[in-house]
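Secondary and tertiary structure notes
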Amino acid sequence: MLLSLEPRGQQSRLMLWCSPLLAALLTLACGSLLFIALGHKPLPTLHTLLIEPVSDLYGVGELLVKALPILMCALGLAVAYQARIWNIGAEGQLLIGALGGSALAVNIIGMDSRWALVMVLVAGTLAGAAWAGLTAWLRTQFNANEILTSIMLNYIALNLLLYFVHGPLRDPAGFNFPQSAMFGDASRLPLVFEGGRLHAGLYFALLALVAVWVLLQKSFVGFQIKVLGLDQRAAGFVGFREKRLVWLALLISGALAGLAGVCEVTGPIGQLVPQVSPGYGYAAITVAFLGRLNPIGIVFSSLLMALLYLGGENAQMAMNLPQAITQLFQGMMLFFLLACDVLILYRPRLKLRWARRTAAVATAGAL
Amino acid sequence: MPNPANTPRLQLRGITKRYPGCLANDQVDLSLQPGEIRALLGENGAGKSTLMKIIYGVTQADSGSVLWQGQPVHLRNPGQARQLGIGMVFQHFSLFETLTVAQNIALAMGPGQTPSQLEPRIREVSARYGMPLEPDRLVHSLSIGERQRVEIVRCLMQDIRLLILDEPTSVLTPQEADDLFVTLRRLASEGCSILFISHKLGEVRALCHSATVLRGGRVSGHCVPADCTDLELARLMVGDAEGLVAHYPKAQGGAPFLQVAGLDWTNPDPFGCSLRQLVLQVNSGEIVGIAGVAGNGQDELLALLSGEQRAPAPASIRFAGQPVGHLRPDQRRAQGLAFVPAERLGHGAVPEMSLADNALLTAFQQGLVAKGMVRTRKVLALADEIIRRFAVKTPDAQAPARSLSGGNLQKFILGREILQQPKLLVAAHPTWGVDVGAAATIHRALIALRDAGAAILVISEDLDELFQISDRLGALSGGRLSPLQATAATTQVELGGWMAGRFADTSTPTPALAG
């Protein structure tokens, strides 16, 4: 037996837009089956997982707290992915952003000016951008594949963070716990409203949303990025500078991830800890594709992803479900999205072994 | 004879195919005898390619039936068509660029035959039909003309009963085309039926026994091409044939604009063509035509002129005296260059992007960008103007470039460059695969641009076209350029000799180049 995919003659734009919804529905259906297999009633479990966490204002605030770093990372990734630069390193860029911001913040705990916060945020953002800059440099200078370099830099970033948390940045008065001192109030992000944890990172995320939307949809640089992604020869033919665009896309990507990281440590956490990110940078990859690399789509998909994080924690507490449920749902979501896309663009065809000859010829001829 | 003489090899009955927004084929009937060479004529967008794709199983008709040797068949994919003995050479090639010639051919032959086993046969077939090919060359290093040879040879490798050729001669020299015709006639005499799409009416008349003309998706007439004049054929195709066979007065040209002096460039690709001591001057207000068989340095010269490939010495290429050899494409455009590359999709236009975005692609220095932002309204206005002025057939400017037929896209790309009012236009194969009506539009536009004072360099393999529009002519052969000669003072025979490399070496640089 041989399964082959043939391109469909007419691609349905409507179906391509519906495919994220379809993927979400399939994820729910499969999730329900999974719960049944685990001996839980599917509907109440889904309620615990997806509705209960956001049934009050506090929950909605928590949802946004989780969504913000994912949103910022995914917006940056969308810029890179539009240029077909596969930056998988948002996680590392986020961690380095958090580390860079913290390194400054613990040294100015006593500073009482609002500039402290500005400086810390800038330091984190620049650190994230610089970390992505490494990937850009390796790609433009040595033609190194950015997928590999950015993944490997994630692990370097994580170990750097662990080293600093256990070593130079450890709180001297912290009973040897691997965490930094609490930041000074002047370098903490203010809360949006009392009684929750939602912080002023919200405004940065909204700003980033508008900026990325303008960049990708309205600006000439965004146009160049898209041309580079779609057709490298055409980009060369009109003189768009590939190296500059690669640098730009990766720096934007890294800066936003760095900002996400520094907002985490100056916002809800308040100090540098080893668990700054429960994989926000990786989740952002799924989110960026789920949102079709479109800033508006990414807003919705990052909210969905945040809900899965929140619901996973809730299900763990309320129903004793393993925490892996979050990752499972993330994985299913991405899997179903990709599967839907493939089936919308291609028609699967089963062929028996004896028909292989025809298949080979057909593939060669149809291209 | 395997078939009774009265059973057609192929019969189409009432074929109808509808695409969103257009009726590509409307109740088309066609019948083809064994050994018959049939021309399929029609404007771009008349539905020829769609009909061929239905016969080859690439797409399926909405209604109507296909009869193969009298038996109804339902062709679901090209594999089936190949098994029946139908071969097709596409206008857009279907080759894997990262594989060698032999590997590409082996893929089409199916399992059981390795590329190395096929090599001797490839050499034999390609030599027999006068299409020299190196089986172990990688396809990406081949020029358009050479790639087409691979396509043709690939079809000839199998037991072929119907060969469909979509503009096969557009990249061949007259001599090569004649050789191909010998091949095709031999194939036909062996009983193979041939469907031949071409816009070159002279060829159709020389080769084809009969012709079917499509207009707007319908059969608008049948004729015996040998008995018809160009004008009669053209009238069947476009309805109104005014000004199709035009003669343009030759121009003298003014001050030199493009000066290439002693341009030497060594190709890093060992199979590619290196340029040797190129000397070329194009004056404002004249059209210089450069002929040559594909793969003789055209691609390399084009890349060096456009700036995709930087010249080794800045001063070896000058615009109005200014050295530009070191400048990027956009910087050269800022100095008045416009450029039409040989490949429309993937080079001259981004297939997935809309026509409006593709207008922006090269015209971004024409006030379409303000403070880093794209002025969408102006871009749309420009795209609409190109579509209107050059009669591009498309629903609107939002249609993706990929959805246009080859000729329509060419009109759009040429229009885009011409509307930028360049001082120098470099155009590669400006009317390749374009119907007579559109070719006349493009020629008129080029002449008008010349008369407005632009310097124009046309690189083409269509000698009739070069003689029709060029004021001076030359030929590239093996990376060397023949001396340029006023069109009136040369003949097709002499130009053919230059294409074969029979000219004196002109390595002495022109003495009076203005600095």
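Across its full length, chain B carries 16 helices and 23 strands. Across its three principal directions, the C-alpha atoms of chain B cover 75 × 50 × 45 Å. Expressed as a percentage of the 515 residues in chain B, the buried residues total 52%. Excluding contacts between residues fewer than 6 apart, the proportion of contacts in chain B whose partners are at least 24 apart in sequence is 68%.

The next point concerns the sheet that holds strand β2 (residues 22-32) of chain B. All names here are of chain B. The sheet built from four strands is open, its strands ordered β2-β1-β4-β5 with antiparallel pairing. Strands with a single pairing partner mark the edges of an open sheet, and in this sheet they are β2 and β5 (71-73). Across this sheet, the average inter-strand angle for adjacent strands is 30°, counted without regard to direction. Bridge analysis of strand β1 (residues 10-19) against strand β4 (residues 63-68) gives five bridges, and the strand direction is antiparallel. What sits directly across from Leu10, in β4, is Trp68. Along the sheet face, helix α1 (residues 48-55) touches β1, β2 and β4 and points at about 120° away from the line of β1.

Looking now at the domain arrangement of chain A. Residue and element names in this part refer to chain A. When the domains of chain A are assigned, the result is domain 1 (1-40 + 321-367) and domain 2 (63-320). Relative placement of domain 1 and domain 2: their C-alpha centres are 30 Å apart. At the interface, 11 residues of domain 1 touch 12 residues of domain 2. Here the side of domain 1 that touches domain 2 takes seven residues from helix α13 (residues 324-345), the largest share from any one element. The residue makeup of the side of domain 1 that touches domain 2, split by class, is seven nonpolar, four polar and no charged.

Facing the 26 residues of chain A at the interface are 34 residues of chain B. Of all the secondary-structure elements, those providing two or more residues to the side of chain A that touches chain B are α8 (220-230), α9 (232-237) and α14 (356-366) of chain A. Ranked by the residues each element gives to the side of chain A that touches chain B, the list is headed by α14 of chain A, at 10 residues. Its residues assigned to classes, the side of chain A that touches chain B shows 15 nonpolar, six polar and five charged.

All names here are of chain B. Overall, mixed pairing links the six strands, which are arranged β6-β7-β8-β3-β9-β10 in an open sheet. Strand pairing shows two members of the sheet lacking a second neighbour, β6 (86-89) and β10 (218-223), which therefore form its edges. Ignoring which end each strand starts from, the neighbouring axes of this sheet average 20° apart. Against the sheet, α1 touches β3 (37-42), β6, β7 (162-166), β8 (193-197) and β9 (210-215), its axis set at about 150° to β7.

The subject of this paragraph is the nonpolar core. Ranked by size, the top nonpolar core spans 265 residues in total, and within it Ile70, Met72, Cys73, Ala74, Ala249, Ala284 and Ala288 of chain A carry the most contacts. Those residues in contact with Ile70 of chain A, other than ones at most four positions away along the chain, are Tyr280, Ala283, Ala284, Val287, Ser302, Met305 and Ala306 of chain A.

Residue and element names in this part refer to chain A. Their axes nearest at 8 Å, the elements helix α3 (residues 57-82) and helix α11 (residues 280-290) cross at an angle of 55°. With respect to their mutual orientation, α3 and α11 come out oblique. Where α3 crosses over α11, the handedness of that crossing is right-handed. Contact residues: α3 offers Pro69, Ile70, Cys73, Ala74, Leu77, Ala78 and Tyr81, while α11 offers Tyr280, Gly281, Ala283, Ala284, Ile285, Val287 and Ala288. Looking at the contact of α3 with α11, its residues break down into 13 nonpolar, one polar and no charged.

So, about the pairing of strand β19 (residues 424-428) of chain B. All names here are of chain B. Of all five residues in β19, five are buried; the element is thus mostly enclosed. In β19, alternate side chains face the same way, and those of Leu424, Val426 and Ala428 on one face and Leu425 and Ala427 on the other are all buried. As paired strands, strand β16 (residues 337-340) and β19 are joined by four bridges and run parallel to one another. Looking at β19, one finds that Ala338 is bridged to Leu425. Taken together, the five bridges between β19 and strand β20 (residues 455-459) define a ladder with parallel strand orientation. Bridged to Ala427 within β20 is Val458. One crossover worth recording links β19 to the parallel β20 by way of helix α14 (residues 436-451), and it is right-handed.

Residues and elements named next belong to chain B. Over its 16 residues, α14 runs 22 Å from end to end, which matches the ideal 22 Å to within 8%, given 1.5 Å per residue. By the criterion of burial, α14 is predominantly enclosed, with 12 of the 16 residues buried. Of the residues making up α14, those classed as buried are Val436, Gly437, Ala438, Ala439, Ala440, Thr441, Ile442, His443, Ala445, Leu446, Leu449 and Arg450. Count one or two residues on from α14 and you reach Gly453, which has phi positive near 105°.

In this section: unusual backbone geometry. All names here are of chain B. The residue Ala320 is not glycine, and still its phi comes out positive at about 50°. Topologically, Ala320 is positioned in the loop between β14 (317-319) and β15 (322-323). On the neighbour-count criterion, Ala320 (17 C-beta atoms within 10 Å) is partly exposed. Look at His429: it is not a glycine, yet its phi comes out positive at around 45°. Within the secondary structure layout, His429 lies in the loop between β19 and α14. The exposure class assigned to His429 is buried, which follows from the 24 C-beta atoms found within 10 Å.

Let us now look at the confidence of the model for chain B. Residues and elements named next belong to chain B. Mean pLDDT for chain B: 85, with 92% of residues reaching 70 or above. Note on residues 507-515: pLDDT is under 50 here. Beyond four places in sequence and across chains, it has 12 contacts. Model confidence for the complex is summarised by a pTM of 0.74, with the ipTM given as 0.82.

Cut-offs applied
- Residues numbered from 1 in each chain as written.
- Chains lettered and ligands numbered in written order.
- Predicted model: local features only at pLDDT ≥ 70, side-chain atom pairs only at ≥ 80, totals over all residues.
- Helix = DSSP H or I, 4+ residues; strand = E, 2+ residues; numbered from the N terminus.
- Buried ≥ 20, exposed ≤ 12 C-beta atoms within 10 Å, placed from the backbone.
- Contact = placed C-beta atoms within 7 Å.
- Pairing = 2+ DSSP bridges.
- Axes fitted to C-alpha atoms, helices over the stretch in contact; angles between N-to-C directions.
- Domains from an automatic or database assignment.
- Nonpolar A, V, L, I, M, F, W, Y, C, P; charged D, E, K, R; others polar.
- Core = buried A, V, L, I, M, F, W, Y, C linked by C-beta atoms within 7 Å.
- Parallel < 35°, antiparallel > 145°, perpendicular 65-115°, else oblique.
- Left-handed = near helix turned anticlockwise from the far one by under 90°.
- Right-handed = clockwise from strand over helix to strand, strands pointing away.
- Expected span 1.5 Å × (residues − 1).
- pLDDT = per-residue confidence, 0-100.

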